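Close look at the chain arrangement
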Amino acid sequence: MSYVIEINNIEKSYGKVKAVDGISLQVKRGEVLGIIGANGAGKSTTLEIMMGLRKPDTGTVTVLGMDITNSSDQIKQRIGIQLQQTALYDRIKVKEALELFSSYYEKKRDVNEIIETLGLRPYLNKFVKNLSGGWQQRTSLALALINDPDIIFLDEPTTGLDPQARLELWGCINRYRAEGKTIILSTHYMDEAQKHCDRIAIIKKGKLISCDVPKSLIHSLGNDNATLEDVYLQYAVGN
Amino acid sequence: MQSILTHTKMEMKLFFRETLALLFTFIVPAVSFVVFAIMFQGSSYDGGLDYFQAYIPSMIAIIIFTTAFFSMGLQIVIDREKGVYKRLKGTPLNQRAIFTATIIKGFFAIYIGAIEILLIAKFGFSTNLTSHAFQFFLALTFCSVTFFSIGFIVSSLAKRMNTALGIAMIAMYPMMFLSGATIPLEAFPEILQNVSYIVPLTYVVNVLRDGWNGTLFTADALVDIGILTGVLIVSAIIGMKYFKWTD
Ligand SMILES: Nc1ncnc2c1ncn2[C@@H]1O[C@H](COP(=O)(O)OP(=O)(O)OP(=O)(O)O)[C@@H](O)[C@H]1O
Ligand SMILES: [Mg+2]
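Residues numbered from 1 in each chain as written. Chains lettered and ligands numbered in written order. Predicted model: local features only at pLDDT ≥ 70, side-chain atom pairs only at ≥ 80, totals over all residues. Heavy atoms only, no water.

Quick look at the sheet that holds strand β10 (residues 207-212) of chain A
All names here are of chain A. The test is simple: Strands are labelled as partners when DSSP assigns at least two bridges between them. A run of H or I in DSSP becomes a helix once it reaches four residues, and a run of E becomes a strand once it reaches two; helices and strands are each numbered from the N terminus. A fitted line through C-alpha atoms serves as each axis, taken over the contacting stretch for helices, and the angle formed by two N-to-C directions is quoted from 0 to 180°. The contact criterion used is simple: two residues touch if any of their non-hydrogen atoms lie within 4.5 Å.
Taken in spatial order, the six strands make up an open sheet running β6-β7-β8-β3-β9-β10, and their pairing is mixed. Looking at which strands have only one partner, the edges of the open sheet turn out to be β6 (79-82) and β10. Strand-to-strand, the axes of this sheet are offset by a mean angle of 15 degrees, without reference to chain direction. Summarising the sheet, β6 and strand β7 (residues 151-155) pair through four bridges and their orientation is parallel. The residue of β7 that forms the bridge with Ile79 is Ile151. Packing of helix α1 (residues 43-50) onto the sheet brings it into contact with β3 (32-36), β7, β8 (182-186) and β9 (199-204), and relative to β7 it is tilted by some 155 degrees.

Given below as C-alpha cells:
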C-alpha cells in the first residue's frame with residue numbers, strides 16, 4: 001500500500017490551547033478521506049499542518065514521499081488547497097483569481113475545463129466578495145484544482161451550500177477522485193461522509209479517536225441499523 | 001519569475017480599486033495643493049521658498065505617508081485578516097515575491113501621485129518645475145523606503161483592520177498638521193512646534209524640499225537625512241522581528 005501522506009505524532013498548541021494532541025495518520029493514494037469532529041476539535045489545524053501552512057510543535061509530516069519542512073516548494077506544486085474561509089482579495093474578480101493562481105504553478109490544468117465543470121462561466125466577471133457563499137466556495141475549489149494537483153485538501157467544502165449545490169459539488173469531487181486524485185476533506189455532514197468517503201477520521205479534542213471505513217465504524221457500534229451520525233455521537237462528542 | 005510579475009500586476013490593479021487608497025493618494029493631496037495654491041500663491045516660506053518650492057514637496061510628502069499607512073500598512077492587515085496570505089502560503093509563490101510586489105505597488109502609487117502634483121503645478125499654475133530632478137527623485141525614493149518600513153510596523157502592531165485604520169487615522173493629524181506639510185510650523189505655538197521634532201514626516205518634508213531645491217547634499221540636509229536613516233534602521237529591525245504575513 002502506498003501512502004501519499006504520513007503524519008507522525010504531531011502536536012500543535014496556540015498558547016494554552018492544545019489544538020492537535022498527538023495525531024498519527026496515513027492517507028492512501030487515491031482515497032477520499034473525511035475528517036469529522038466537533039467545532040474546535042482540531043480539524044482545520046490538522047489539515048493546515050498537512051497543507052504546510054502551519055508548523056507542528058512536534059512530529060513529522062511526509063507528503064508525496066517528501067518531508068514537508070524540507071521540500072515544501074516541490075510539495076506545493078503538487079497539492080491543491082481550499083481553506084475554511086474564502087481567503088481571497090476583496091476586490092478580485094473570479095476570472096482574475098483564476099489567472100493569478102494559475103500563474104503560480106509550473107503545471108496547469110485547462111482553466112476552461114475547470115470553469116465548465118464547476119459552472120463558473122456566468123460569474124467570471126464578478127467580484128468574488130459579491131458572490132453568494134456557494135459560488136465563493138466553488139471559486140476557491142476551482143483555485144484548488146488549477147495546478148491539476150495529486151492531492152486535494154478541502155476544509156468544509158460543502159458548509160453553507162444548499163442541497164443541490166452540495167450534490168453538484170460532490171459530483172465534481174467524485175470526478176476528480178475518478179482521475180485517481182487523493183482527496184482529504186473535513187465536513188460536518190455525516191450523510192455526505194458516509195456516502196462519499198472511503199475512510200473517515202474522527203477527531204476529538206485534538207486526538208484521533210478512530211480512522212476507518214464507514215462500514216466498520218458503524219459496525220463497531222454493534223447495531224447494523226446505525227448510521228454515521230450515531231458513530232459521531234458515540235465517538236466525537238462528550239468527554 | 002512569471003508569477004512575481006503577474007502577482008505584482010494584480011496588486012497594482014487591486015490598488016486602483018480601493019476607494020480609500022485612491023482618495024488619499026490622488027484626491028486629497030491634489031485638492032489640497034490646488035486650494036492652498038489659490039490661497040497662498042504669493043506667500044513666501046521657510047528659507048525664502050515660494051509656494052510651489054515649498055508645497056510641491058509637501059504634498060508629495062503627504063502621498064508618501066498615506067501610501068505607507070493606508071495602501072500598505074492597512075491593506076496588508078485587511079488582506080491578512082481575510083486569510084489571503086495564508087492561502088498564498090499554500091501556493092509556490094514565496095513571501096519574498098509578496099514583499100516585492102507590495103513594495104513595487106508602494107513606489108508605483110507614490111510616483112504616480114507625485115507626477116499628478118507636478119502636472120497640476122505645471123499646467124494648472126504654469127510654474128517651473130525643479131531643475132534638480134535627480135536630487136528630488138533620490139530624496140523621494142529614500143523617504144518612501146523609510147515610510148514603507150513604518151508602514152510595516154503598522155501591520156505588525158495591528159492584528160485587526162479596525163486597529164490599523166485607527167492607527168492610520170490618528171497618525172494622520174500630526175503627520176498632516178505638525179510636520180510643516182500643510183500649515184507652516186511658524187504658525188503654531190512653540191510647544192506644538194517642538195512636537196514636530198518627533199513627527200517623522202517633518203523630516204520627509206525637509207528632505208523633499210532639499211531635493212526639490214537642490215540642497216540635498218548640504219550639511220543642513222544631512223541632519224534630516226541622518227534622522228530618517230535612523231528611523232529606517234530602527235523600523236526595519238522592528239519589522240523583521242515582529243512582522244508576519246500569516247498569524
Ligand atoms: N489562530 C489561532 N489562534 C488561537 N487559537 C486557535 C487558532 N486557530 C484555532 N485555534 C483553536 O484551536 C482549536 C482547534 O481549532 P480548529 O480550527 O482546528 O478546529 P476545527 O475542528 O476546524 O473547528 P470547526 O469545526 O469550528 O472548523 C480551537 O480551540 C480553536 O479555538
Ligand atoms: Mg475548521
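Still more to cover.
Looking at the interface of chain B and chain A
Rules: Accessible-area loss on putting two parts together, using a 1.4 Å probe and summing over both, is the definition of buried area adopted here. Criterion for a salt bridge: a side-chain nitrogen of Lys or Arg within 4 Å of a carboxyl oxygen of Asp or Glu. Polar contacts here mean pairs of N or O atoms no more than 3.5 Å apart (in protein, one a potential hydrogen donor and the other a potential acceptor; neighbouring residues in sequence count only if both atoms are side-chain atoms).
Listed per partner, the contact involves 25 residues of chain B and 25 residues of chain A. With both chains or domains summed, chain B and chain A bury close to 2600 Å², and 56% of this area falls on carbon and sulfur atoms. Counting every contact that joins chain B to chain A gives six salt bridges. Between Glu48(A) and Lys86(B) there is a salt bridge, with the nearest N and O atoms lying 2.9 Å from each other. Across the chain B-chain A interface, the total number found is 12 residue pairs in polar contact (both at pLDDT 80 or more).

Some words on the coordination of the magnesium ion (ligand 2)
Residue and element names in this part refer to chain A. Condition: For Na, K and Ca the donor cut-off is 3.2 Å; for every other metal, N, O and S atoms count as donors within 2.8 Å. Water does not enter the count, which can leave sites looking incomplete. Buried means the residue's accessible area, taken with a 1.4 Å probe over protein chains only, is under 20% of the maximum for its type, while exposed means over 50%, and partly exposed covers the values in between.
Here the magnesium ion (ligand 2) is held by the protein donor atoms Ser44 (OG) and Gln84 (OE1), which lie 1.9 to 2.1 Å from it. With Ser44 in helix α1 and Gln84 in the loop between β6 and α3 (94-103), the pair connects residues that are 40 residues apart, well separated along the chain. Looking at Gln84, the relative accessible area reads 43%, which means it is partly exposed.

Let's talk about unusual backbone geometry
All names here are of chain A. One non-glycine residue with positive phi stands out, namely Asp148, at about 50 degrees. Residue position: Asp148 is located in the loop between α5 (133-145) and β7. By relative accessible area, Asp148 is classed as buried at 17%.

Let's talk about the UniProt feature "domain: ABC transmembrane type-2" (unreviewed entry) in chain B
Put simply, the rule reads: UniProt positions are given in the numbering used here, feature names are shortened, and annotations may be inferred rather than shown by experiment.
The positions UniProt marks with the feature "domain: ABC transmembrane type-2" (unreviewed entry) are residues 20-246 of chain B. Along residues 20-246 of chain B, the helical share is 77% and the strand share 2%, with 24 Å between the first and last C-alpha atoms.

Points about the sheet that holds strand β5 (residues 66-67) of chain A
Residue and element names in this part refer to chain A. The strand order across the open sheet built from four strands is β2-β1-β4-β5, with neighbouring strands paired in antiparallel fashion. The open sheet terminates on both sides in strands that have one partner only, identified here as β2 (17-28) and β5. Bridge count for strand β1 (residues 3-14) against β2 is nine bridges, and the pairing is antiparallel. Looking at the pairing, Ile10 lines up with Ile23 of β2.

Topic: the site of ligand 1
Residue and element names in this part refer to chain A. The condition that has to hold: Proximity criterion: a residue is near a molecule or strand once any of its heavy atoms comes within 4 Å of it. Methods summary: accessible areas were calculated by the Shrake-Rupley approach with a probe of 1.4 Å, and residue burial reflects only the protein chains presented. Under this grouping Gly is polar, as are all residues other than the nonpolar Ala, Val, Leu, Ile, Met, Phe, Trp, Tyr, Cys and Pro and the charged Asp, Glu, Lys and Arg.
Around ligand 1, the structure places 15 residues, and the nearest of them are Gly40, Lys43, Ser44, Thr45 and His188. In the environment of ligand 1, an oxygen atom lies 3.0 Å from a nitrogen or oxygen atom belonging to the side chain of Asn39. A distance of 2.7 Å separates an oxygen atom of ligand 1 from a polar side-chain atom of Lys43. A total of 630 Å² of accessible area belongs to ligand 1 in isolation, and the protein chains cover 67% of it. Those elements that provide at least two residues to the shell around ligand 1 are β2 and α1. If one sorts the elements of the shell around ligand 1 by residue count, α1 sits on top with three residues. Residue classes in the shell around ligand 1 are distributed as five nonpolar, seven polar and three charged.

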